[in-house]
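In case you want the letters, here they are:
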Amino acid sequence: IEDLRRAEASSDPNFKESFDRATRTVLEEVTALTRIVDEFSEFARFPSPQMKPEDLNDIVLAATALFPIEISQGIIKTDLTQKPIPVMADKDQVKRALMNLIKNAVEAIPETGRIIVKTALSETKALVVIKDDGPGLSSQAKQNLFNPYFTTKPRGSGLGLVIVKKIISEHDGSIMIVDAPDGGAEAAISLPLHKQ
């Protein structure tokens, strides 16, 4: 805005270009700030989960359905158990956590990258693993993954993984994000199995 005021006051012959560039920059920054403010306020008033019996495979399919382009291009693939995986969960919140992790994976992979979302179960645990073949985790990321306001993205708020961890913790579950043995990163969520 200060640049614009100076250009206008000096009758700059390139004022139209300056105006176009400056207003575009202002709009981009306001949009970014709005998104960050929304995330901060949403985190501050995050609702308690409304638990109901759910099939974890259904929640995974609902989350991956939010990435139709990546699904159609074969970038995201699912490998789900044939049997349902019963969990007590707030479907919307767990879907949001998975969506956040998948979005991170999509942003991390190269153009030819792939992501696989897999489910499994043991006698007591339900498991979702999101694996990508991106560059993996930096040493700084490994130390700060779940710290508020830490981000590796230019316009990130640093609250995405904090929200994911909060959701999973409130479901009596755990989350771990590590380098995958064959390259890339792997996020593993474990939730208690619901015995019907």
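Along each chain, residues carry numbers from 1 onward, in the same order as the chain's sequence is written. In view of the model being predicted, local features appear only for residues whose pLDDT reaches at least 70, and side-chain atom pairs are presented and counted only at 80 or more, with totals across whole chains, interfaces and linings using the full set of residues. As a convention, hydrogens and water are excluded, and side-chain values are obtained from all of the structure's heavy atoms.

A. Local environment of the sheet that holds strand β4 (residues 115-121). Note on pairing: two strands pair once DSSP finds at least 2 bridges between them. Numbering of helices and strands runs from the N terminus; a helix is a DSSP stretch of H or I covering at least four residues, while a strand is a stretch of E covering at least two. Across the sheet, which stays open at both edges, the five strands sit in the order β2-β4-β5-β7-β6 with mixed pairing between neighbours. Each of the sheet's edge strands pairs with one partner strand only, and the pair in question is β2 (76-79) and β6 (174-179). If you compare each strand with its neighbour and ignore which way they point, the axes differ by 15° on average. Pairing analysis gives seven bridges linking β4 to strand β5 (residues 125-132), with the strands arranged antiparallel. Paired with Ile115 across the two strands is Asp132, which belongs to β5. Seen against the sheet, helix α5 (residues 91-108) touches β2, β4, β5, β6 and β7 (185-192) and runs at an angle of roughly 20° to β5. Fitted lines through C-alpha atoms serve as axes, helices being fitted only where they are in contact, and the angles separating the N-to-C directions of these axes extend from 0 to 180 degrees. Throughout, a contact is declared for two residues whenever any of their heavy atoms are within 4.5 Å.

B. Molecular detail of a nonpolar patch on the surface. A grouping of Ile1, Val26 and Val30 is seen on the molecular surface, where their side chains present a nonpolar patch of about 260 Å² in accessible area. Only protein chains enter the accessibility calculation, which uses a 1.4 Å probe; a residue whose area is less than 20% of its type maximum is buried, one above 50% is exposed, and one in between is partly exposed. Classification of Val26 by relative accessible area gives partly exposed; the value is 34%. What goes into a patch is any residue over 30% in relative accessible area without a salt bridge, connected to like charges within 9 Å or, for nonpolar side chains (Val, Leu, Ile, Met, Phe, Trp, Tyr), within 5 Å. For accessible areas, the Shrake-Rupley method is used with a probe of radius 1.4 Å. Any residue's cover is judged against the shown protein chains and nothing else. Take a side-chain nitrogen of Lys or Arg and a carboxyl oxygen of Asp or Glu: if they are within 4 Å of each other, that pair is a salt bridge.

C. Region of the structure containing the pattern of salt bridges. Within this structure, the stated rule accounts for four salt bridges. Here Lys103 and Glu107 are joined by a salt bridge, their closest N and O atoms 3.2 Å apart. Here the residue Lys103 and the residue Glu107 both occupy positions in helix α5, the gap between them amounting to four residues, near one helical turn. Using a relative accessible area of 43% as the deciding quantity, one classes Glu107 as partly exposed. A salt bridge links Glu170 to Lys166, with the nearest nitrogen and oxygen atoms 3.1 Å apart. Of the two residues, Glu170 and Lys166 are both situated in helix α7 (residues 160-170); the distance of four residues between them amounts to about one turn of the helix.

D. Examining the side chain of Asp55 more closely. Looking at where Asp55 falls in the secondary structure, it is placed in strand β1 (residues 52-55). Of the buried charged residues, Asp55 lacks a salt bridge, with Lys91 as the closest side chain of opposite charge at 9.2 Å. Each polar contact in these results corresponds to two N or O atoms within 3.5 Å; when the atoms are within protein, one needs to be able to donate a hydrogen and the other to accept it, and residues that are neighboring in sequence are counted only if both atoms are side-chain atoms. Separated by 2.9 Å, the side chain of Asp55 and the backbone nitrogen of Ile85 make a polar contact. Those residues in contact with Asp55 that sit more than four places away from it in its chain are Pro84 and Ile85. Charge counting treats Lys and Arg as positive and Asp and Glu as negative, with His and both chain ends excluded.

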